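# Fold and contact review
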Amino acid sequence: MNWIYEPWPWYVAGPLIALVMFLLLLVGKQFGMSSNLRTACAAVGAGKAADFFKYDWKSERWNLTVVLGAILGGFIASNYMSDNTVEINPEVAQQLAADYQITSAGNSYLPTEIFAIEALSEPSTIFILFIGGLLVGFGARYAGGCTSGHAISGLSNLQVPSLIAVIGFFIGGLAMVHLFYPLIF
Amino acid sequence: MRYLTYLAIGVFFGIVMFKSEAASWFRIYEMFQFGSFHMYGIIGSALVLGIIGVQVIKRKKIQPIDGSAMSLHPKENSIIRYFIGGIIFGLGWALSGACPGPMYVLVGAGFPSILIVIFGALVGTFLYGAIKKYLPH
(Lines give C-alpha, C1' and ligand atoms only; values in the text may rest on other atoms or scores of the structure.)
Protein backbone atom coordinates (compact mmCIF):
# COMPACT_ATOMS: atom_id res chain seq x y z
CA MET A 1 0.00 0.00 0.00
CA ASN A 2 3.07 2.24 0.08
CA TRP A 3 2.46 3.48 -3.45
CA ILE A 4 -0.63 5.34 -2.22
CA TYR A 5 1.41 7.46 0.20
CA GLU A 6 4.51 7.91 -1.94
CA PRO A 7 4.42 10.74 -4.50
CA TRP A 8 3.24 9.41 -7.85
CA PRO A 9 6.02 9.45 -10.46
CA TRP A 10 5.59 11.35 -13.71
CA TYR A 11 5.07 8.19 -15.75
CA VAL A 12 2.01 7.37 -13.65
CA ALA A 13 0.65 10.92 -13.37
CA GLY A 14 1.06 11.91 -17.04
CA PRO A 15 -0.93 8.95 -18.43
CA LEU A 16 -3.63 9.47 -15.77
CA ILE A 17 -3.98 13.11 -16.85
CA ALA A 18 -4.35 11.93 -20.46
CA LEU A 19 -7.03 9.54 -19.14
CA VAL A 20 -8.91 12.50 -17.57
CA MET A 21 -8.89 14.24 -20.95
CA PHE A 22 -10.22 11.12 -22.74
CA LEU A 23 -12.92 10.54 -20.11
CA LEU A 24 -14.13 14.11 -20.62
CA LEU A 25 -14.03 13.71 -24.41
CA LEU A 26 -16.08 10.52 -24.10
CA VAL A 27 -18.78 12.39 -22.20
CA GLY A 28 -18.71 15.14 -24.84
CA LYS A 29 -16.57 17.73 -23.03
CA GLN A 30 -13.19 19.34 -23.62
CA PHE A 31 -10.53 19.29 -20.88
CA GLY A 32 -9.80 22.85 -19.74
CA MET A 33 -9.72 24.02 -16.15
CA SER A 34 -9.87 27.81 -16.61
CA SER A 35 -13.23 28.11 -18.41
CA ASN A 36 -14.96 27.60 -15.07
CA LEU A 37 -13.69 31.04 -13.99
CA ARG A 38 -15.69 32.59 -16.83
CA THR A 39 -18.69 30.43 -15.94
CA ALA A 40 -18.41 31.56 -12.31
CA CYS A 41 -18.22 35.25 -13.33
CA ALA A 42 -21.27 34.81 -15.58
CA ALA A 43 -23.17 32.97 -12.85
CA VAL A 44 -22.79 35.88 -10.42
CA GLY A 45 -24.08 38.35 -12.98
CA ALA A 46 -20.97 39.67 -14.77
CA GLY A 47 -23.06 39.64 -17.97
CA LYS A 48 -24.59 42.92 -16.81
CA ALA A 49 -21.16 44.58 -17.02
CA ALA A 50 -19.53 42.93 -20.05
CA ASP A 51 -20.84 41.08 -23.11
CA PHE A 52 -18.07 38.49 -22.70
CA PHE A 53 -20.12 37.03 -19.85
CA LYS A 54 -23.45 37.15 -21.68
CA TYR A 55 -23.79 33.58 -22.82
CA ASP A 56 -25.60 30.43 -21.89
CA TRP A 57 -23.47 29.75 -18.82
CA LYS A 58 -25.98 27.20 -17.53
CA SER A 59 -24.87 24.85 -20.31
CA GLU A 60 -21.36 25.15 -18.84
CA ARG A 61 -22.34 24.14 -15.32
CA TRP A 62 -20.58 20.83 -15.91
CA ASN A 63 -17.21 22.54 -15.47
CA LEU A 64 -18.25 23.87 -12.06
CA THR A 65 -19.13 20.27 -11.15
CA VAL A 66 -15.63 19.17 -12.19
CA VAL A 67 -14.27 21.95 -9.92
CA LEU A 68 -16.31 20.62 -7.00
CA GLY A 69 -14.87 17.17 -7.71
CA ALA A 70 -11.30 18.57 -7.82
CA ILE A 71 -11.84 20.16 -4.38
CA LEU A 72 -13.07 16.82 -3.03
CA GLY A 73 -10.14 15.04 -4.68
CA GLY A 74 -7.69 17.43 -3.00
CA PHE A 75 -9.37 16.77 0.35
CA ILE A 76 -9.21 12.99 -0.05
CA ALA A 77 -5.61 12.98 -1.33
CA SER A 78 -4.22 15.26 1.37
CA ASN A 79 -6.09 13.65 4.28
CA TYR A 80 -5.91 9.96 3.43
CA MET A 81 -3.22 9.46 0.80
CA SER A 82 -0.30 11.73 1.63
CA ASP A 83 2.11 12.91 4.31
CA ASN A 84 1.79 16.39 2.72
CA THR A 85 5.47 16.99 2.08
CA VAL A 86 7.19 17.59 -1.23
CA GLU A 87 10.84 16.70 -1.82
CA ILE A 88 12.48 18.70 -4.58
CA ASN A 89 15.97 18.80 -6.04
CA PRO A 90 18.23 19.55 -3.00
CA GLU A 91 20.13 22.20 -4.96
CA VAL A 92 16.91 24.05 -5.74
CA ALA A 93 15.81 23.71 -2.10
CA GLN A 94 19.15 25.14 -0.91
CA GLN A 95 18.92 28.02 -3.35
CA LEU A 96 15.36 28.79 -2.15
CA ALA A 97 16.62 28.93 1.45
CA ALA A 98 19.70 31.01 0.62
CA ASP A 99 18.10 33.53 -1.73
CA TYR A 100 14.54 33.84 -0.43
CA GLN A 101 14.63 32.35 3.11
CA ILE A 102 12.08 29.74 1.97
CA THR A 103 13.15 26.75 4.04
CA SER A 104 10.02 24.58 4.06
CA ALA A 105 10.90 22.46 0.99
CA GLY A 106 10.77 18.82 2.09
CA ASN A 107 8.62 19.64 5.13
CA SER A 108 5.37 20.87 3.62
CA TYR A 109 3.30 20.70 0.44
CA LEU A 110 3.35 24.46 -0.18
CA PRO A 111 5.92 26.94 1.19
CA THR A 112 4.65 27.94 4.64
CA GLU A 113 6.48 31.27 4.19
CA ILE A 114 3.84 32.22 1.60
CA PHE A 115 0.81 29.99 2.23
CA ALA A 116 0.58 29.60 6.01
CA ILE A 117 -2.21 31.64 7.61
CA GLU A 118 0.40 33.53 9.70
CA ALA A 119 2.09 34.69 6.48
CA LEU A 120 -1.05 36.70 5.67
CA SER A 121 -0.14 39.19 8.40
CA GLU A 122 2.33 40.55 5.83
CA PRO A 123 0.32 42.68 3.38
CA SER A 124 2.89 41.88 0.68
CA THR A 125 1.93 38.18 0.86
CA ILE A 126 -1.74 38.99 0.22
CA PHE A 127 -0.67 41.23 -2.66
CA ILE A 128 1.56 38.52 -4.21
CA LEU A 129 -1.19 35.88 -4.00
CA PHE A 130 -3.81 38.25 -5.43
CA ILE A 131 -1.63 39.50 -8.31
CA GLY A 132 -0.53 35.92 -9.09
CA GLY A 133 -4.18 34.89 -9.39
CA LEU A 134 -5.08 38.01 -11.36
CA LEU A 135 -2.38 37.29 -13.97
CA VAL A 136 -3.46 33.65 -14.20
CA GLY A 137 -7.13 34.56 -14.71
CA PHE A 138 -6.48 37.38 -17.15
CA GLY A 139 -3.80 35.51 -19.10
CA ALA A 140 -5.81 32.30 -19.34
CA ARG A 141 -8.80 34.08 -20.89
CA TYR A 142 -6.68 36.27 -23.19
CA ALA A 143 -4.82 33.17 -24.37
CA GLY A 144 -8.08 31.18 -24.53
CA GLY A 145 -6.91 28.43 -22.18
CA CYS A 146 -4.46 27.36 -19.50
CA THR A 147 -2.10 24.45 -18.90
CA SER A 148 -4.86 21.86 -19.38
CA GLY A 149 -6.64 23.57 -22.27
CA HIS A 150 -3.53 24.37 -24.31
CA ALA A 151 -0.59 22.25 -23.10
CA ILE A 152 -2.65 19.04 -22.87
CA SER A 153 -5.92 19.37 -24.87
CA GLY A 154 -4.79 21.79 -27.57
CA LEU A 155 -1.37 20.28 -28.24
CA SER A 156 -2.88 16.77 -28.26
CA ASN A 157 -5.09 18.03 -31.09
CA LEU A 158 -1.96 19.46 -32.81
CA GLN A 159 -3.15 23.06 -32.56
CA VAL A 160 -0.51 25.64 -33.52
CA PRO A 161 -2.22 28.37 -31.40
CA SER A 162 -1.75 26.11 -28.36
CA LEU A 163 1.94 25.75 -29.14
CA ILE A 164 2.27 29.55 -29.25
CA ALA A 165 0.41 29.81 -25.93
CA VAL A 166 2.58 27.15 -24.26
CA ILE A 167 5.75 28.92 -25.45
CA GLY A 168 4.26 32.06 -23.88
CA PHE A 169 3.55 30.19 -20.59
CA PHE A 170 7.22 29.25 -20.34
CA ILE A 171 8.55 32.67 -21.32
CA GLY A 172 6.32 34.22 -18.63
CA GLY A 173 7.20 31.60 -16.02
CA LEU A 174 10.95 31.81 -16.64
CA ALA A 175 10.84 35.61 -16.60
CA MET A 176 8.97 35.57 -13.28
CA VAL A 177 11.30 33.12 -11.55
CA HIS A 178 14.60 34.42 -12.95
CA LEU A 179 13.99 38.16 -13.38
CA PHE A 180 11.17 39.17 -11.03
CA TYR A 181 11.60 36.83 -8.04
CA PRO A 182 14.83 38.56 -6.93
CA LEU A 183 12.89 41.86 -6.94
CA ILE A 184 9.74 40.53 -5.25
CA PHE A 185 10.97 38.12 -2.56
CA MET B 1 -26.22 10.78 -13.31
CA ARG B 2 -24.49 13.02 -15.83
CA TYR B 3 -23.36 15.39 -13.10
CA LEU B 4 -22.22 12.48 -10.97
CA THR B 5 -19.91 11.49 -13.85
CA TYR B 6 -18.43 15.02 -14.04
CA LEU B 7 -18.01 15.00 -10.27
CA ALA B 8 -16.22 11.62 -10.33
CA ILE B 9 -13.87 12.79 -13.11
CA GLY B 10 -13.14 15.90 -11.04
CA VAL B 11 -12.35 13.83 -7.93
CA PHE B 12 -10.01 11.61 -9.94
CA PHE B 13 -8.32 14.67 -11.49
CA GLY B 14 -7.92 16.26 -8.06
CA ILE B 15 -6.26 13.18 -6.58
CA VAL B 16 -3.88 12.88 -9.56
CA MET B 17 -2.93 16.59 -9.33
CA PHE B 18 -2.24 16.36 -5.61
CA LYS B 19 -0.43 13.02 -5.64
CA SER B 20 1.75 13.91 -8.63
CA GLU B 21 2.70 17.12 -6.75
CA ALA B 22 1.76 19.14 -9.85
CA ALA B 23 -0.34 21.17 -7.39
CA SER B 24 2.73 22.04 -5.33
CA TRP B 25 4.33 25.49 -5.57
CA PHE B 26 7.70 23.78 -5.03
CA ARG B 27 7.33 21.63 -8.15
CA ILE B 28 6.40 24.64 -10.30
CA TYR B 29 9.37 26.62 -9.00
CA GLU B 30 11.67 23.62 -9.56
CA MET B 31 10.36 23.25 -13.12
CA PHE B 32 11.17 26.86 -14.00
CA GLN B 33 14.64 26.34 -12.48
CA PHE B 34 15.06 23.21 -14.68
CA GLY B 35 15.79 21.39 -11.43
CA SER B 36 13.95 18.15 -12.22
CA PHE B 37 12.44 16.20 -15.09
CA HIS B 38 9.29 15.54 -13.02
CA MET B 39 6.92 18.24 -14.37
CA TYR B 40 8.25 17.92 -17.92
CA GLY B 41 7.69 14.17 -17.70
CA ILE B 42 4.09 14.64 -16.52
CA ILE B 43 3.17 17.11 -19.26
CA GLY B 44 5.23 15.26 -21.89
CA SER B 45 3.82 11.79 -21.23
CA ALA B 46 0.25 13.12 -21.02
CA LEU B 47 0.85 14.87 -24.33
CA VAL B 48 2.33 11.86 -26.18
CA LEU B 49 -0.62 9.68 -25.11
CA GLY B 50 -2.99 12.57 -25.83
CA ILE B 51 -1.73 12.97 -29.41
CA ILE B 52 -2.00 9.23 -30.07
CA GLY B 53 -5.46 8.99 -28.51
CA VAL B 54 -6.85 12.01 -30.37
CA GLN B 55 -5.59 10.51 -33.66
CA VAL B 56 -7.34 7.23 -32.79
CA ILE B 57 -10.56 9.11 -31.95
CA LYS B 58 -10.43 10.96 -35.28
CA ARG B 59 -9.53 7.97 -37.47
CA LYS B 60 -12.01 5.57 -35.87
CA LYS B 61 -14.60 8.38 -35.69
CA ILE B 62 -15.27 7.61 -32.02
CA GLN B 63 -18.27 9.56 -30.67
CA PRO B 64 -19.14 10.56 -27.09
CA ILE B 65 -21.41 8.07 -25.32
CA ASP B 66 -24.33 10.52 -25.18
CA GLY B 67 -24.33 10.85 -28.98
CA SER B 68 -23.17 14.49 -28.96
CA ALA B 69 -20.37 15.76 -31.21
CA MET B 70 -16.75 15.17 -30.14
CA SER B 71 -15.44 18.35 -28.48
CA LEU B 72 -12.23 18.68 -30.45
CA HIS B 73 -12.65 22.23 -31.63
CA PRO B 74 -9.82 23.87 -33.56
CA LYS B 75 -8.52 27.05 -31.88
CA GLU B 76 -9.10 30.24 -33.85
CA ASN B 77 -6.06 31.50 -35.71
CA SER B 78 -4.04 34.27 -34.16
CA ILE B 79 -0.57 34.77 -32.80
CA ILE B 80 -0.71 37.86 -30.62
CA ARG B 81 -3.43 36.78 -28.20
CA TYR B 82 -1.88 33.37 -27.57
CA PHE B 83 1.62 34.76 -27.18
CA ILE B 84 0.83 37.78 -24.97
CA GLY B 85 -1.95 35.97 -23.07
CA GLY B 86 0.40 33.03 -22.60
CA ILE B 87 3.17 35.21 -21.17
CA ILE B 88 0.75 36.89 -18.74
CA PHE B 89 -0.52 33.48 -17.66
CA GLY B 90 3.03 32.18 -17.22
CA LEU B 91 3.96 35.15 -15.01
CA GLY B 92 0.99 34.37 -12.76
CA TRP B 93 1.60 30.63 -12.83
CA ALA B 94 5.15 31.09 -11.52
CA LEU B 95 4.18 33.82 -9.03
CA SER B 96 1.33 31.93 -7.38
CA GLY B 97 2.77 28.46 -8.07
CA ALA B 98 -0.67 27.31 -9.15
CA CYS B 99 -2.60 27.01 -12.39
CA PRO B 100 -6.42 26.87 -12.49
CA GLY B 101 -6.85 23.11 -11.83
CA PRO B 102 -4.52 22.83 -8.83
CA MET B 103 -6.01 25.99 -7.25
CA TYR B 104 -9.20 24.09 -6.46
CA VAL B 105 -7.34 20.96 -5.40
CA LEU B 106 -5.48 23.09 -2.83
CA VAL B 107 -8.77 24.42 -1.42
CA GLY B 108 -9.75 20.83 -0.66
CA ALA B 109 -6.30 20.11 0.72
CA GLY B 110 -6.90 22.80 3.34
CA PHE B 111 -4.89 25.86 2.29
CA PRO B 112 -7.18 28.86 2.92
CA SER B 113 -4.63 31.30 1.40
CA ILE B 114 -5.26 29.82 -2.04
CA LEU B 115 -8.71 31.46 -1.91
CA ILE B 116 -6.94 34.80 -2.41
CA VAL B 117 -5.37 33.39 -5.59
CA ILE B 118 -8.76 32.14 -6.80
CA PHE B 119 -10.34 35.51 -6.02
CA GLY B 120 -7.53 37.16 -8.01
CA ALA B 121 -8.16 34.76 -10.90
CA LEU B 122 -11.88 35.62 -10.92
CA VAL B 123 -11.05 39.35 -10.90
CA GLY B 124 -8.53 38.77 -13.71
CA THR B 125 -11.12 36.88 -15.76
CA PHE B 126 -13.64 39.66 -15.20
CA LEU B 127 -11.06 42.31 -16.11
CA TYR B 128 -10.34 40.50 -19.39
CA GLY B 129 -14.06 40.40 -20.21
CA ALA B 130 -14.39 44.10 -19.41
CA ILE B 131 -11.50 45.30 -21.59
CA LYS B 132 -11.55 42.56 -24.26
CA LYS B 133 -12.60 44.92 -27.04
CA TYR B 134 -9.55 47.14 -26.50
CA LEU B 135 -7.05 44.27 -26.68
CA PRO B 136 -5.40 43.03 -29.89
CA HIS B 137 -6.61 39.52 -30.73
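Residues numbered from 1 in each chain as written. Chains lettered and ligands numbered in written order. Predicted model: local features only at pLDDT ≥ 70, side-chain atom pairs only at ≥ 80, totals over all residues. Heavy atoms only, no water.

On to a nonpolar patch on the surface. A cluster of nonpolar residues, Leu-26 of chain A together with Val-48, Leu-49, Ile-52, Val-56 and Ile-62 of chain B, forms a patch on the protein surface that exposes about 450 Å² of accessible area. Ranked by residue count, the leading element in the nonpolar patch is helix α3 (residues 38-59) of chain B, at 4 residues. With respect to the element layout, Val-48 of chain B can be found in helix α3. (Patch = residues over 30% accessible without salt bridge, like charges linked within 9 Å, V, L, I, M, F, W, Y side chains within 5 Å. Areas by Shrake-Rupley, 256 points an atom, 1.4 Å probe, with all protein chains shown as cover. Salt bridge = Lys/Arg side-chain N within 4 Å of Asp/Glu carboxyl O. Helix = DSSP H or I, 4+ residues; strand = E, 2+ residues; numbered from the N terminus.)

One non-glycine residue, Gln-101 of chain A, lies in positive phi territory at about 55 degrees. Of note, Gln-101 of chain A is situated in the loop between α5 (90-100) and α6 (112-115). With phi around 70 degrees, Glu-21 of chain B is a residue other than glycine that occupies positive phi space. For Glu-21 of chain B, a relative accessible area of 3% translates into the label buried. (Buried < 20%, exposed > 50% of the residue type's maximum accessible area, 1.4 Å probe, protein only.)

Counting buried positions over the 9 residues of helix α5 (residues 100-108) of chain B gives 8, a clear majority of the element. Tucked into the core, α5 of chain B has its buried residues touching α3 (35-43), α4 (61-80) and α7 (123-142) of chain A together with α1 (2-19), α4 (80-96) and α6 (114-131) of chain B. Looking one or two residues beyond α5 of chain B, the residue adopting positive phi is Gly-110 of chain B, at roughly 90 degrees. (Contact = heavy atoms within 4.5 Å.)

Turning our eyes to something else, we now look at the confidence of the model for chain B. On average, residues of chain B carry a pLDDT of 96, and 100% of them reach 70 or more. If you check the scores for this complex, the pTM reads 0.96 and the ipTM reads 0.96. (pLDDT = per-residue confidence, 0-100.)

Moving on, we get to the nonpolar core. Within the largest apolar cluster, 94 residues are counted, with the highest numbers of intra-cluster contacts made by Phe-31 of chain A together with Trp-25 of chain B. Both of domain 1 (1-82) and domain 2 (122-185) of chain A provide at least three residues apiece to this core. In this view, Phe-31 of chain A contacts Ile-17, Val-20, Met-21, Leu-24, Ser-148, Gly-149, Ile-152 and Ser-153 of chain A together with Phe-13 of chain B; residues no more than four positions away in its chain are not counted. Among the nonpolar cores identified, the runner-up in size contains 11 residues, and Ala-46 and Ala-50 of chain A together with Tyr-128 and Leu-135 of chain B belong to it. (Core = buried A, V, L, I, M, F, W, Y, C linked by side-chain atoms within 4.5 Å. Domains from an automatic or database assignment.)

Now for the domain arrangement of chain A. Residues and elements named next belong to chain A. Once the domains are mapped, chain A shows domain 1 (1-82) and domain 2 (122-185). Centre-to-centre separation of domain 1 and domain 2, based on C-alpha positions: 18 Å. Of the roughly 740 Å² buried where domain 1 meets domain 2, counting both sides, 66% is carbon and sulfur surface. Counting the surface domain 1 buries against domain 2, the share from its top three residues, Met-21, Phe-31 and Ser-34, is 54%. The interface formed by domain 1 and domain 2 holds 0 salt bridges in total. At the surface where domain 1 touches domain 2, the tally comes to 3 residue pairs in polar contact (both at pLDDT 80 or more). Looking at the side of domain 1 that touches domain 2, the elements with two or more residues in it are α2 (10-26) and α3. Sorting elements by how many residues they give to the side of domain 1 that touches domain 2 places α3 first, with 3 residues. (Buried area = accessible area lost by both parts, 1.4 Å probe. Polar contact = N/O pair within 3.5 Å; in protein donor to acceptor, adjacent residues only side chain to side chain.)

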